[in-house]
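Read off the chains here:
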Amino acid sequence: MRRADRLFQIIQILRRSTRPVTAAMLAEELEVSRRTVYRDMSDLIGQRVPIEGEAGLGYLLAADYDMPPLMLTPDELEAVVLGAQWVAGHSDKALANAAADVVAKIAAVVPERLRPAIIEPSVGVKATRGGPEESYDAAILRSAIRNGRKLRLRYRSETGHETDRTVWPVILGYAEASRMLIAWCELRAGFRHFRTDRIFEIEVLQESIGLRQGELRRRWQRWREQQIPSSPDGRRPQPEGDRGG
């Protein structure tokens with residue numbers, strides 16, 4: 001790793017941590033000696049990067065410090081490209097186009113030496129044949145989630161039984177061959193998973209879910225932790241494929 005890249009990576013490590021990071025931790029991640037880390041930290045502080053702490057105690061980056069947003073490493077660029085490839089093959093058209101736009105914007109501004117990580121990445125996603133057909137635009141669901149709006153659904157269960165549901169959407173989950181809308185269901189008075197290919201009518205209601213931003217997500221996460229306890233070997237069992245009943 002070039003020294004300039006290593007200095008940049010040190011800042012990245014400090015930026016993602018809320019606790020002091022020791023020289024030993026930095027040395028292990030960067031695969032260098034602690035002596036090299038001490039020298040690099042001294043250089044960064046000398047360049048007026050607002051790093052607090054000292055050898056033996058650990059280092060913290062000042063919370064208000066930031067770098068240009070597109071100072072990316074080759075690994076970070078390939079992570080973006082890999083994610084964009086997956087989105088393009090598994091999501092709705094609007095999100096797929098957005099993923100392609102993100103990659104194009106990054107490619108237009110990164111230094112020339114980093115463009116091969118975008119144009120000819122060393123990673124790739126297997127092409128998919130597409131999931132079950134859906135009779136609506138998934139962008140409607142994503143918009144309702146962002147804006148905290150209730151939805152009225154016409155839903156068909158695995159057995160073919162149809163019901164009308166008013167739900168509070170939480171998140172749209174993506175699997176390899178299907179999508180799942182996770183929502184609080186007023187009919188069942190609880191959280192349910194709805195296979196999106198079994199939703200055949202959607203109406204976005206003017207009524208808000210009436211909770212502060214993020215509160216419904218936190219409630220779902222607490223419910224999920226209670227519903228999916230860890231097994232004796234520490235692994236969590238897989239959730240049911242359809243909790244829309």
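Above this text is the structure in question.
All of the points below concern the structure found in this document. All values reported here derive from a predicted model rather than from experimental measurement.

## Examining the overall build of the chain
When its secondary structure is counted, the chain shows 8 helices and 7 strands. When each of the 245 residues of the chain is scored for burial, the buried share is 35%. Of the contacts made within the chain by residues no fewer than 6 positions apart, 60% connect residues no fewer than 24 positions apart. Here the chain has roughly 15400 Å² of accessible surface; of this, 49% comes from carbon and sulfur atoms.

## Topic: helix H8 (residues 215–227)
With 13 residues, H8 ought to run about 18 Å at 1.5 Å a step, and its terminal C-alpha atoms sit 18 Å apart, in line with that. Three or more residues of H8 are buried, namely Glu215, Leu216, Trp220 and Trp223. For H8, the arc enclosing every buried residue in end-on projection is 135 degrees, short of the 170-degree limit, so these residues lie on one face. The secondary structure elements touched by the buried residues of H8 are strand E4 (162–174), strand E5 (179–185) and strand E6 (190–195).

## With respect to the sheet that holds strand E3 (residues 149–156)
Spatial strand order, E6-E5-E4-E3-E7: 5 strands in an open sheet with antiparallel pairing. Taken across any chain shown, the strands that pair with only one partner, and hence form the sheet edges, are E6 and strand E7 (199–208). Averaged over all pairs of adjacent strands, the angle between strand axes in this sheet comes to 45 degrees, irrespective of strand direction. Pairing of E3 with E7 involves 6 bridges; the strand directions are antiparallel. Residue pairing across strands places Leu151 opposite Val204, the latter belonging to E7.

## Remarks on the pairing of strand E1 (residues 51–54)
Summarising the sheet, E1 and strand E2 (residues 58–61) pair through 4 bridges and their orientation is antiparallel. Within E2, the residue paired with Glu52 across the bridge is Leu60. In this antiparallel pair of consecutive strands, E1 and E2, the connection spans 3 residues, and Gly56 shows a positive phi of 95 degrees.

## Quick look at the packing of helix H2 (residues 23–30) against helix H3 (residues 34–46)
Interaxial distance between H2 and H3 falls to 9 Å at its minimum, and their mutual angle equals 105 degrees. Here H2 is positioned roughly perpendicular relative to H3, judged by the angle of their axes. For the pair H2 and H3, the contacting residues are Ala23, Ala24, Leu26 and Ala27 in the first and Arg34, Val37, Tyr38 and Met41 in the second. When the residues that make up the contact of H2 with H3 are grouped by side-chain class, the tally is 7 nonpolar, no polar and 1 charged.

## Some thoughts on the packing of aromatic side chains
Working definition: an aromatic ring pair is given by the centre-to-centre distance plus the angle between the planes. What the rule picks out here adds up to 5 aromatic pairs. Taking the centre distance of 5.3 Å and the plane angle of 80 degrees together, the rings of Trp184 and Phe191 count as edge-to-face. The exposure class of Trp184 is partly exposed, given its relative accessible area of 26%. Aromatic pair Phe191 and Trp223: ring centres 5.5 Å apart, planes at 45 degrees, arrangement tilted.

## Topic: the nonpolar core
In this structure, Leu14, Leu26, Met41, Leu44 and Ile51 are the most contacted members of the largest nonpolar core, which totals 17 residues. Where this core is concerned, the elements lending two or more residues are helix H1 (3–16), H2, H3 and E2. Looking at which element gives the most residues to this core, the answer is H1, with 5 residues. Here Leu44 is in contact with Leu7, Ile10, Ile11, Val49 and Ile51, once residues within four sequence places are set aside. In this structure, Leu141, Tyr155, Phe194 and Ile199 belong to the second largest nonpolar core, which totals 14 residues.

## Let's talk about the packing of H1 against H3
Helix-helix packing: each pair is described by the crossing angle between the helix axes and the interaxial distance. For the pair H1 and H3, the least separation of the axes is 11 Å and the interaxial angle reads 85 degrees. One finds that H1 runs roughly perpendicular with respect to H3. Along the contact surface, H1 presents Arg3, Arg6, Leu7, Ile10, Ile11 and Leu14, while H3 presents Thr36, Asp40, Met41, Asp43 and Leu44.

Thresholds, definitions, all that
- Residues numbered from 1 in each chain as written.
- Predicted model: local features only at pLDDT ≥ 70, side-chain atom pairs only at ≥ 80, totals over all residues.
- Heavy atoms only, no water.
- Helix = DSSP H or I, 4+ residues; strand = E, 2+ residues; numbered from the N terminus.
- Buried < 20%, exposed > 50% of the residue type's maximum accessible area, 1.4 Å probe, protein only.
- Contact = heavy atoms within 4.5 Å.
- Areas by Shrake-Rupley, 256 points an atom, 1.4 Å probe, with all protein chains shown as cover.
- Expected span 1.5 Å × (residues − 1).
- Arc of directions from axis to C-beta.
- Pairing = 2+ DSSP bridges.
- Axes fitted to C-alpha atoms, helices over the stretch in contact; angles between N-to-C directions.
- Parallel < 35°, antiparallel > 145°, perpendicular 65-115°, else oblique.
- Nonpolar A, V, L, I, M, F, W, Y, C, P; charged D, E, K, R; others polar.
- Phe/Tyr/Trp six-rings, centres within 6.5 Å; stacked < 30°, edge-to-face > 60°.
- Core = buried A, V, L, I, M, F, W, Y, C linked by side-chain atoms within 4.5 Å.

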